[in-house]
Amino acid sequence: KDVSHLLDATAYLKGIAGEFDDVKGAEHPTTLSSRSSLAYSYSCADQVAEAIDICEGMLPECQRVLGPEHPFTKQVKNILEMARREMNQSTASSE
């Protein structure tokens, strides 16, 4: 699978997430959204460890700021679960 275009998008999203963090703060919904997009992009580009790190870092913030039942918090949980499944499948297939 050719992921070069996804890597370009991921680099772009990383810059955007960093800018939102600097301008709006780490807990602003726009910043959280951009970090979620970055995590999803990493996952799609087969960089699931990065996706997991981002989601694990931001999930507690989402739960605290938005609440555990907020659709965005659930989206972050879904991305995290998807990345963990992908990581487990990758580990199992390499054994």
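Structural data are supplied above this passage.
Residues numbered from 1 in each chain as written. Predicted model: local features only at pLDDT ≥ 70, side-chain atom pairs only at ≥ 80, totals over all residues. Heavy atoms only, no water.

(A) Seen up close, the overall build of the protein. Looking only at helices and strands, one finds four helices and zero strands in the protein. Element order for the protein, N to C, with α for helix and β for strand: α-α-α-α. The C-alpha radius of gyration of the protein comes to 14 Å, within 12% of the 12 Å expected for a compact globule of 95 residues. Based on the C-alpha atoms only, the size of the protein along its principal axes is roughly 40 × 30 × 15 Å. For the protein, the proportion of its 95 residues judged to be buried stands at 32%. In the protein, once contacts between residues fewer than 6 apart in sequence are set aside, the share between residues at least 24 apart is 56%. Taken together, the 9 basic and 15 acidic charged side chains of the protein have centroids lying 7 Å from each other. (Helix = DSSP H or I, 4+ residues; strand = E, 2+ residues; numbered from the N terminus. Rg over C-alpha atoms; globule rule 2.2 N^0.38 Å. Buried < 20%, exposed > 50% of the residue type's maximum accessible area, 1.4 Å probe, protein only. Contact = heavy atoms within 4.5 Å. Lys, Arg positive; Asp, Glu negative; His and termini not counted. Charge placed at Lys NZ, Arg CZ, Asp CG, Glu CD.)

(B) Representation of unusual backbone geometry in the model. In this model, D46 sits at a positive phi of 60°, which is unusual for a non-glycine residue. Tracing the sequence through the fold places D46 in the loop between α2 (29–44) and α3 (48–65).

(C) Main features of α3. Between the first and last C-alpha of α3 there are 25 Å, a value that for 18 residues agrees with the 26 Å anticipated at 1.5 Å per step. By the largest-angle criterion, M58 marks the main kink of α3, which is about 35°, and a proline, P60, follows within four residues. Residues of α3 that are buried: V48, A51, I52, I54, C55, M58, L59, E61 and C62. Those residues of α3 hidden inside the fold are in contact with α2 and α4 (71–94). (Expected span 1.5 Å × (residues − 1). Bend = angle between axes of the 7 residues up to and from the residue.)

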